Amino acid sequence: MFVDVPEAELRAYRSSVTEPAGFAEFWDGTLAEARAAGGGVRLEPVDTGLVTVDVFDVTFPGFAGEPVRAWLRLPAAALRPAGEPLAAVVEFVGYGGGRGEPQENLLWASAGFAHLHVDTRGQGATWSRGDTPDSGTWGPQVPGVMTRGILAPETYYYRRLFTDAARAVDAARSLDVVDARRVAVHGGSQGGGTAIAAASLVPDVAALSAKVPFLCDFPRAVTITDAHPFREVTDYLATHRDKVERVLHTLAHVDGVNHARRASAPARFTVGLMDAVVPPSTVFAAFNAYAGEKEIAVWPYNGHEGGAADDDAAALVFLRKHLGDPRG
């Protein structure tokens, strides 16, 4: 069933989220520290048995220079234009998942792009395997990562994850096989929210694809859905009743609405009007605030899966438009 206000109201909706003082300085300083920590990008070829896609096990420096894992998938060497770097899609993963297995998620490399599929620190123990630990543990938390370090922006989990995302773009651009001018960011759910943040923190990415993005419009989300993962924040505040202002201040630093206001790459959003996990108004809050050229696909009869395979096909068309068609 529909879980939010009618579509006409969604298109007019504006979030109450405001940018906290020092927002730009906070993120500029965080990224400067991460980049100053140094560290190189390491690639190890993986024997997957595939004949049309080459796969590499990647390690790159993320938050504070900490190692982050990823898969790099490329069209097989025999299928790539000799001497021509590829456009790249940097993909971020949904909540609870990690980078998975090297033989999975072959769409982007099969379509002719370099595909950097980024692991999710501290996650990857439920539906998709992860390989990157999270360094931060501060205070009590509800199971999951939504409240990890939530009492201050400096210690919050998503500060580290979003920095990893920005550094993943840096890593992709450093590869000889990638055309640094043609790098897009993409993801669904948590991955979509992370992609919005990456487009804000690295504003010259070529395009953004955000499928049913999570992590947007926290003040509304935590009061209109009882579903996890937003529910983790609600459960935390139910016992830490004196911490509401501190928690909302922290969340404003990672809220997709504030990051959308600072991003300008051409963007494609998607939303399901029956999505109880990520309420449609929270997606529209980010979309309506987005500063760049944008479009949104609305799926009236879908939940958190959005348009599923139809979204993937449309995202491929969208990214070919903005990155160039590898088929020539």
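Summarised in this report is the structure supplied together with it.

Conventions used here
- Residues numbered from 1 in each chain as written.
- Predicted model: local features only at pLDDT ≥ 70, side-chain atom pairs only at ≥ 80, totals over all residues.
- Heavy atoms only, no water.
- Helix = DSSP H or I, 4+ residues; strand = E, 2+ residues; numbered from the N terminus.
- Contact = heavy atoms within 4.5 Å.
- Buried < 20%, exposed > 50% of the residue type's maximum accessible area, 1.4 Å probe, protein only.
- Pairing = 2+ DSSP bridges.
- Core = buried A, V, L, I, M, F, W, Y, C linked by side-chain atoms within 4.5 Å.

Right, let's get into the side chain of threonine 120. Structurally, threonine 120 is set in the loop between β5 (114-118) and α4 (157-174). Here threonine 120 is in contact with Val93, Gly97, Gly98, Thr132, Tyr157, Leu161 and Gln190, once residues within four sequence places are set aside.

Moving on, we come to unusual backbone geometry. The omega torsion across histidine 228 and proline 229 is 10°, close enough to zero to call that bond cis. With respect to the element layout, proline 229 can be found in the loop between α6 (218-224) and α7 (230-239). In this structure, aspartate 217 takes a positive phi of about 55° despite not being glycine. Secondary-structure assignment places aspartate 217 in the loop between β7 (207-211) and α6. Taking the relative accessible area as the measure of exposure, aspartate 217 reaches 0% and is therefore buried. The phi angle at alanine 308 is positive, at roughly 50°, despite the residue not being glycine. On the secondary structure map, alanine 308 appears in the loop between β9 (294-299) and α11 (309-323).

The subject of this paragraph is the pairing of strand β4 (residues 86-92). Of all seven residues that make up β4, seven are buried, and the element is covered over most of its length. Of the strand pairs in this sheet, β4 and strand β6 (residues 178-188) are connected by six bridges, and their pairing is parallel. Bridging across to β6, leucine 86 finds its partner in valine 178.

Right, let's talk about the nonpolar core for a bit. Core analysis: the biggest nonpolar cluster contains 80 residues, and Val90, Phe92, Leu116, Tyr158, Val185, Leu208 and Phe269 have the highest contact counts within it. Broken down by element, this core gets its largest block of residues, ten residues, from α4. Not counting residues within four places of it along the chain, the set of residues in contact with tyrosine 158 comprises Trp27, Tyr95, Gln123, Val145, Met146, Gln190, Phe214, Leu215 and Val254. Core analysis: the second largest hydrophobic core is formed by 13 residues, Ala207, Ala315, Leu319 and Leu323 among them.

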